[in-house]
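# Observations on the model geometry
As a plain string of letters, each chain reads:
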Amino acid sequence: MFLRNYWYVAAMPPELDGGALLGRWILGEPVLLYRTEDGAVTAMKDICPHRSARLSAGERDGDRVRCLYHGLEFGPDGSCLRIPAQDAAPPEGLRVAGYPVAEKWRLIWVWMGAPEDADEALIPDFHWNDDPDWYPVGDYMHLDCHYQLLADNLMDLSHEAYVHRGTIGTDAVSETPAIASRDGDHVIVERIMPGCPAPPFYQKLKGYDGPIDRMHRIHFDPPATIMIESKSSPSGSNDPDDGLEYRVLCAITPETDDTTHFFWAVPRNFNPEEPVTEMMYQGSKAVFEEDIDVLNRQQEVLDKVEGAADWQNIQSDAGAVYARRVVEVLLAKEAG
Amino acid sequence: MFLRNYWYVAAMPPELDGGALLGRWILGEPVLLYRTEDGAVTAMKDICPHRSARLSAGERDGDRVRCLYHGLEFGPDGSCLRIPAQDAAPPEGLRVAGYPVAEKWRLIWVWMGAPEDADEALIPDFHWNDDPDWYPVGDYMHLDCHYQLLADNLMDLSHEAYVHRGTIGTDAVSETPAIASRDGDHVIVERIMPGCPAPPFYQKLKGYDGPIDRMHRIHFDPPATIMIESKSSPSGSNDPDDGLEYRVLCAITPETDDTTHFFWAVPRNFNPEEPVTEMMYQGSKAVFEEDIDVLNRQQEVLDKVEGAADWQNIQSDAGAVYARRVVEVLLAKEAG
Amino acid sequence: MFLRNYWYVAAMPPELDGGALLGRWILGEPVLLYRTEDGAVTAMKDICPHRSARLSAGERDGDRVRCLYHGLEFGPDGSCLRIPAQDAAPPEGLRVAGYPVAEKWRLIWVWMGAPEDADEALIPDFHWNDDPDWYPVGDYMHLDCHYQLLADNLMDLSHEAYVHRGTIGTDAVSETPAIASRDGDHVIVERIMPGCPAPPFYQKLKGYDGPIDRMHRIHFDPPATIMIESKSSPSGSNDPDDGLEYRVLCAITPETDDTTHFFWAVPRNFNPEEPVTEMMYQGSKAVFEEDIDVLNRQQEVLDKVEGAADWQNIQSDAGAVYARRVVEVLLAKEAG
């Protein structure tokens, strides 16, 4: 059961370079994505309606995609344009269902719900990923777990002190209570950590050699879009150039019931130069790999142990619990 | 659900050389095949009725097979001949069910239905595989898909233009309509291609340097026996020695619900000498490997995507659709 | 369906060395085992009740185990002792279920039933594994089959003549009838083999160069504890130093419905010195590996072939059949 009337990130633009036919499973459906010659992105079901070969295993012919099993050709709108050895126009019914698609904030989004409801204004605000004042890094990762385990993870950063102890975590994160609040479908979790030690990755990035004032504010929008504001500076400093500020943009897209696509970006507003960019990329990637290891094993327990999903909540779960409730209510609403 | 009252190819004779005990799953049942000392082939369930060890993991003792778990011995008719430490004759009930078996056309066939109905006259005509005027090559392959996907593939050769573009396919195959007809349980698909370009493999085989007249005629018999007549010659030539003629003999045997054994042979009536034999073998094998790749991925889609089997037919599907209907009607008949 | 009110071997003591947190699935449940600072072994469910991370992936802090997802800390009794950022005492309900555990005969045993019924007096007698007059070797192995297939195997040693032909088996084992008897839940199988050839492994161990008198007596206790007395000596010898006597202690612990832990030990009362110890270890291990190969394939047949479990019994099965009946009756009793 997935929320359908939402924009999900399906790909990063470079994945469509060079005329690629990208096949990717989204909400359990195979989706074909490619860029037409005018530069637009098109998305349709990645299945030939004739004999169910995957179109992504086919080939481009201009804007058409040709199935490489029996040669049927489809246009970017999914209509069949040619059937070998048949002169008559292909029947109307022989078409591939399309998905509304949009390219925004340097990401490719597909709308998995009723096409007539696709409104680009509903695309989450990830503008930091496409803003001259911010310097982003980002990548795609794959998880062998239900998408909400990743959302839970990001909504409760107290885990940084344990999972990310060697990189961005300190006890200040786990020991400082966070404040969770909910405004309609939007959930916010905020944690203010004045005068705390700098974690190893921050020391390396900014040369902090004393206590810092640190905060993060996590924003959740359903189904699983998370934006984290993260700021720190030397304790008591008034100079904004002394500090670190970045966003963590997390687009979580269910692949199947128990596997997940994760598109992340970390735009910062400091030190645009290369060595720092590389550090931000490698550091972020290392942190997410630590999470993935924990989450895949969590899924394994849920799969194998009866009753393992009967979780007991503690205070720091408030934000994740709100987020799950938002999704639950919306799922019931979509189910009618 | 499989048709049972049919002969299925179970093995190629060399697989039984050297006294081998060959264990192979057929229609979801483990079957043991071996050659007795008089040269006959015997087939029985590949399970010891005592503790269900596989007899093919056992050993030969003359014509007996001895289970290597507890030493029970069975004769080629499946009766238990000895139980260690028991002097009395083994009980009648302790026996392994046998299958009627026949060796014909250099293939080993088993009858999976009621033994009393096994009639060797019902074995499909593959005589080209055992005829001094024809020079065969052949092999065994394994597919991770339902057996009917392979039959569909062979009944509609328009796919040659796409799947086998680099070997035996040209647009002439896909662009020339085929004529499908049905006579009782027998289905025929014929395609006549006068004055068409020679595909790469034919150029290599026969040195064609101009247009050719080409034809193939596909014969289907249930459950999934397919024989393809294939002929070509330089356009307008009247000399039969100028041309290529071969048969493609396809014995498709379900292993399980979604895996398949494929025994193929390609006998030709030209150039009996070695380099051509090797070219025919390697060329045929390469072509089938291209098919298997497509078919295994087709099965993957059918397994994972709800509704993916709701296929839309085009004209070139006529033969495959007839063949599936034949099987469907016969299955209903066997089910009573 | 497993018997629960029994002691099962969960680990060998060296597996808990160095403060290890050992996670092992037992009867389908993940169990955490570790040794507290006073040297005692503790066992509890290997799942954090908060978000179901495995505690065995956590870390020790003295006698506490800390979950490395969000930092919750649990004492050896399973009670939660600390929640990061929460000053109040953790709620009583936030606890990990414990298992009674005992260390005896150089093995770690857990009680999988009602804790109040755990009585160490019920631990099977494996004293030969911890006795100055006996020189044991032993190890842990893993099987991909139902635990009762291993019990069946050990209850009918006639298979030695086939499975272990190159090591400890001779025809004398399969051709000599065994006497099975049952006393309550205890089953005994005895086989006396006077004046028989020595198997290869015995010749190597003891230099036997003529016929031997050999016997084994197998003791079964539910769920699947098996102790084999094994003795041999040169035929007619009256000198006990001429012979071989050892025990085979088999603790069979279901991991899941179709996988099994096997803890074995082979204590002997002769030649305590090193080369013989190594021979006993390597020889026993090789024999069990031969069994595992047979048993894993037996499970494969049972999984794949309908009706494959309709076994037909022979005389040598008497002990194994008794043992299965004992378990069946006890399962019905536990089910109430």
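Keep in mind it's a predicted model, so treat the numbers as computed, not measured.

### What about the overall build of chain A?
Across its full length, chain A carries 6 helices and 18 strands. Radius of gyration (C-alpha) of chain A: 22 Å, near the 20 Å computed for a compact globule of 336 residues. Its C-alpha atoms give chain A principal-axis dimensions of about 75 × 50 × 35 Å. Within chain A, the fraction of its 336 residues that count as buried is 56%. A separation of at least 24 residues holds for 57% of the contacts in chain A among residues at least 6 apart in sequence. As presented, chain A carries roughly 13,400 Å² of accessible surface, and 49% of it is formed by carbon and sulfur atoms. Once the 29 positive and 57 negative side-chain charges of chain A are each reduced to a mean point, those two points are 3 Å apart.

### So, the relation of the copies chain A and chain C
Its rotation angle being 120 degrees, the transformation that places chain A on chain C also includes 0.1 Å of axial translation and leaves an RMSD of 0.1 Å. Interpreted geometrically, this transformation is the action of a three-fold axis. Distance from the rotation axis, computed per C-alpha, reaches its smallest value in chain A at Asp303(A): 12 Å.

### Comments concerning the sheet that holds strand β1 (residues 7-11) of chain C
All names here are of chain C. The strand order across the open sheet formed by 3 strands is β1-β11-β10, and the pairing between neighbours is antiparallel. The open sheet has two free edges, formed respectively by β1 and β10 (101-104), since each of these has just one partner strand. With strand direction ignored, the average angle separating the axes of adjacent strands in the sheet is 40 degrees. Of the pairings in the sheet, the one linking β1 to strand β11 (residues 107-111) comprises 4 bridges and is antiparallel in character. Pairing of alanine 11 across the sheet is with isoleucine 108, part of β11.

### A look at the interface of chain A and chain C
Each side of the interface is counted separately: chain A has 29 residues, and chain C has 25 residues. Between chain A and chain C, a total of about 2,300 Å² is buried, with carbon and sulfur atoms accounting for 55% of that surface. When the buried area of chain A at its contact with chain C is split by residue, Tyr162(A), Gln312(A) and Ile314(A) rank highest and sum to 28% of it. In this structure, the connection of chain A to chain C is made through 3 salt bridges. The partner of Arg82(C) in a salt bridge is Glu175(A), and the shortest N-O contact between them spans 2.8 Å. Applying the counting criterion to the chain A and chain C interface returns 12 residue pairs in polar contact (both at pLDDT 80 or more). Elements that contribute at least two residues to the side of chain A that touches chain C include exactly α1 (147-155), α2 (160-163), α3 (171-175) and α5 (274-304) of chain A. In terms of residues, the side of chain A that touches chain C owes the most to one element, α5(A), which gives 7 residues.

### Some details on the sheet that holds strand β16 (residues 225-234) of chain C
Residues and elements named next belong to chain C. Sheet architecture is open: 7 strands sit in the order β12-β18-β17-β16-β15-β14-β13, paired in antiparallel fashion. At either end of the open sheet lies a strand with only one pairing partner, and these are β12 (138-143) and β13 (179-183). In this sheet, adjacent strand axes meet at a mean angle of 15 degrees when their direction is disregarded. Across the sheet, helix α1 (residues 147-155) is in contact with β12, β14 (186-196), β15 (212-221), β16, β17 (244-256) and β18 (259-265); its angle to β17 comes to roughly 160 degrees.

### Brief notes about the environment of Ser52(B)
Here Ser52(B) is to be found in the loop between β4 (41-45) and β5 (59-61). By relative accessible area, which is 0% here, Ser52(B) ends up buried. Separated by 15 residues in the primary sequence, Ser52(B) and Cys67(B) place their C-alpha atoms 9.6 Å from one another. Excluding its chain neighbours within four sequence positions, the residues that come into contact with Ser52(B) are Ile47(B), Gln298(C), Val301(C), Leu302(C), Ala308(C) and Trp311(C). Reaching out from Ser52(B), the side chain makes a polar contact with the side chain of Trp311(C) at a distance of 3.0 Å.

### Focus on the domain arrangement of chain A
All names here are of chain A. Each domain of chain A was delimited in the assignment, giving domain 1 (7-122) and domain 2 (127-334). Centre-to-centre separation of domain 1 and domain 2, based on C-alpha positions: 33 Å. In total, about 1,300 Å² of surface goes out of reach between domain 1 and domain 2, with carbon and sulfur atoms giving 64% of it. Across the contact surface, domain 1 and domain 2 share 0 salt bridges.

### Some words on the pattern of salt bridges
One pass over the structure, following the stated rule, counts 60 salt bridges over all chains. The partner of Asp293(A) in a salt bridge is Arg297(A), with the nearest N and O atoms 3.0 Å apart. Of this pair, Asp293(A) and Arg297(A) both sit in helix α5, 4 residues apart, which is roughly one turn of the helix. Its relative accessible area of 32% is what places Arg297(A) among the partly exposed residues. Measuring nitrogen to oxygen at the nearest pair gives 3.0 Å for the salt bridge that ties Glu29(C) to Arg4(C).

Reading guide: rules and limits
- Residues numbered from 1 in each chain as written.
- Chains lettered and ligands numbered in written order.
- Predicted model: local features only at pLDDT ≥ 70, side-chain atom pairs only at ≥ 80, totals over all residues.
- Heavy atoms only, no water.
- Helix = DSSP H or I, 4+ residues; strand = E, 2+ residues; numbered from the N terminus.
- Rg over C-alpha atoms; globule rule 2.2 N^0.38 Å.
- Buried < 20%, exposed > 50% of the residue type's maximum accessible area, 1.4 Å probe, protein only.
- Contact = heavy atoms within 4.5 Å.
- Areas by Shrake-Rupley, 256 points an atom, 1.4 Å probe, with all protein chains shown as cover.
- Lys, Arg positive; Asp, Glu negative; His and termini not counted.
- Charge placed at Lys NZ, Arg CZ, Asp CG, Glu CD.
- Least-squares fit on C-alpha atoms with pLDDT ≥ 70 in both.
- Pairing = 2+ DSSP bridges.
- Axes fitted to C-alpha atoms, helices over the stretch in contact; angles between N-to-C directions.
- Buried area = accessible area lost by both parts, 1.4 Å probe.
- Salt bridge = Lys/Arg side-chain N within 4 Å of Asp/Glu carboxyl O.
- Polar contact = N/O pair within 3.5 Å; in protein donor to acceptor, adjacent residues only side chain to side chain.
- Domains from an automatic or database assignment.

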